[in-house]
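# Coordinate inspection notes
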Amino acid sequence: MGAMPKTTNNMSPDKTAESAKQFEAVFLSEMMSHMFEGVKTDPEFGGGQGEDMFKSLLTNEYGKQMANAGGIGIADQLQKAMIQMQQHKG
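In this text the structure is predicted, and so the values were computed from the model without any measurement.

### Observations concerning the confidence of the model for the chain
The pLDDT averaged across the chain works out to 83; a share of 89% of its residues lies at or above 70. When mean pLDDT is compared element by element in the chain, helix 1 (residues 13-36) scores highest at 92, while helix 3 (residues 74-89) scores lowest at 88. Below a pLDDT of 50 lies the segment residues 1-8, which in the model reaches zero contacts outside its immediate sequence neighbourhood of four places, other chains included.

Encoded structure:
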């Protein structure tokens, strides 16, 4: 039997940056969902299950947009930590 090819767990810098940005987007979305829990809805123009569903979609999109615009620095720090972990493994 031939030798198995060596595999590596190192991610490309682009994939590392994208993963870190996705994490920050999820974090920001979760933070905003808690923030919007206290917002009361005018019963004349909203409310119900539909609004609850779309509110979660909206907060997810807010999180993505904030992360893409630079976020709050979580992605940068996470990316640095991920790169350091990869360097110490190899």
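### A few points about the side chain of Gln-86
With respect to the helices, strands and loops of the structure, Gln-86 is situated in helix 3. Looking at Gln-86, the relative accessible area reads 15%, which means it is buried. If sequence neighbours within four positions are ignored, Gln-86 has contacts with Asn-10, Met-11 and Thr-16.

### Focus on helix 1
Taking 1.5 Å of rise per residue, the 24 residues of helix 1 would be expected to cover 34 Å, and the 34 Å separating its terminal C-alpha atoms lies within 8% of that figure. Every buried residue of helix 1 is accounted for by Thr-16, Ala-20, Glu-24, Ala-25, Leu-28, Ser-29 and Met-32. Next to the buried residues of helix 1 lie helix 2 (48-68) and helix 3.

Conventions used here
- Residues numbered from 1 in each chain as written.
- Predicted model: local features only at pLDDT ≥ 70, side-chain atom pairs only at ≥ 80, totals over all residues.
- Heavy atoms only, no water.
- pLDDT = per-residue confidence, 0-100.
- Helix = DSSP H or I, 4+ residues; strand = E, 2+ residues; numbered from the N terminus.
- Contact = heavy atoms within 4.5 Å.
- Buried < 20%, exposed > 50% of the residue type's maximum accessible area, 1.4 Å probe, protein only.
- Expected span 1.5 Å × (residues − 1).

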